[in-house]
Amino acid sequence: MRLALDEARRAALGGDVPVGAVVLSPDGTTVLAAGHNEREAGGDPTAHAEVLAIRRAAERLGAWRLTGCTLVVTLEPCTMCAGALVQSRVDRVVYGARDEKAGAAGSLWDVVRDRRLNHRPEVIGGVLAEECAGLLTDFFRHR
């Protein structure tokens, strides 16, 4: 989560909402890819930290299936990112701060564990939650 927080800080420096993500290898020891929000920087509404990290991990592995991998992200994924997690077959999602307004991993929705879908990653929430939430609070307070 500390690496994801570093990524979130990079997003804030670029004027984007401070959300960062990393994808870990199946053994949990190697960072396959990282990303932070780049919506403002690239003018791309899909440039969320999770989507960018998933794309980069798939490119590095040379496969779209990220079976066995873990995505660590500072904010609970939204519906778009939750869908990308299901579609990429990530095994585990670890997030920091809950997102009561748009969260799709248990707060507002629970896309990642919807029994109607063919893949349901494990979800672990609340890791360094206060620090993750603090970055967001500070960002919006100064905006």
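From a predicted model like this one, the values you see are computed outputs, not experimental measurements.

What counts and how
- Residues numbered from 1 in each chain as written.
- Predicted model: local features only at pLDDT ≥ 70, side-chain atom pairs only at ≥ 80, totals over all residues.
- Heavy atoms only, no water.
- Buried < 20%, exposed > 50% of the residue type's maximum accessible area, 1.4 Å probe, protein only.
- Helix = DSSP H or I, 4+ residues; strand = E, 2+ residues; numbered from the N terminus.
- Pairing = 2+ DSSP bridges.
- Right-handed = clockwise from strand over helix to strand, strands pointing away.
- Axes fitted to C-alpha atoms, helices over the stretch in contact; angles between N-to-C directions.

Visitor: Explain the pairing of strand S3 (residues 70–75) to me, please; I cannot follow it from the model alone.
Guide: When a strand is regular, its side chains alternate between the sheet's two faces. Most of S3 sits inside the fold, with six of its six residues counted as buried. Sheet topology places S3 next to strand S4 (residues 92–97); five bridges connect them, and they run parallel. Bridged to Leu-75 within S4 is Ala-97. Regarding topology, helix H4 (residues 79–88) serves as the crossover connection from S3 to the parallel S4, and that connection is right-handed.

Visitor: I would appreciate a short explanation of the sheet that holds S3 in the present structure.
Guide: Backbone-to-backbone hydrogen bonds pair the strands of a sheet. The strands run either parallel or antiparallel. Strand order across the open sheet formed by five strands is S2-S1-S3-S4-S5, with mixed pairing between neighbours. Whereas interior strands pair on both sides, the edge strands pair on one side only; in this sheet they are strand S2 (31–36) and strand S5 (122–124). In this sheet, neighbouring strand axes are inclined to one another by 15° on average, regardless of whether the strands run parallel or antiparallel. Bridge analysis of S4 against S5 gives three bridges, and the strand direction is parallel. Residue pairing in the sheet places Val-93 in a bridge with Val-123 of S5.

Bear in mind that shape data such as this cannot, by itself, settle questions of function.
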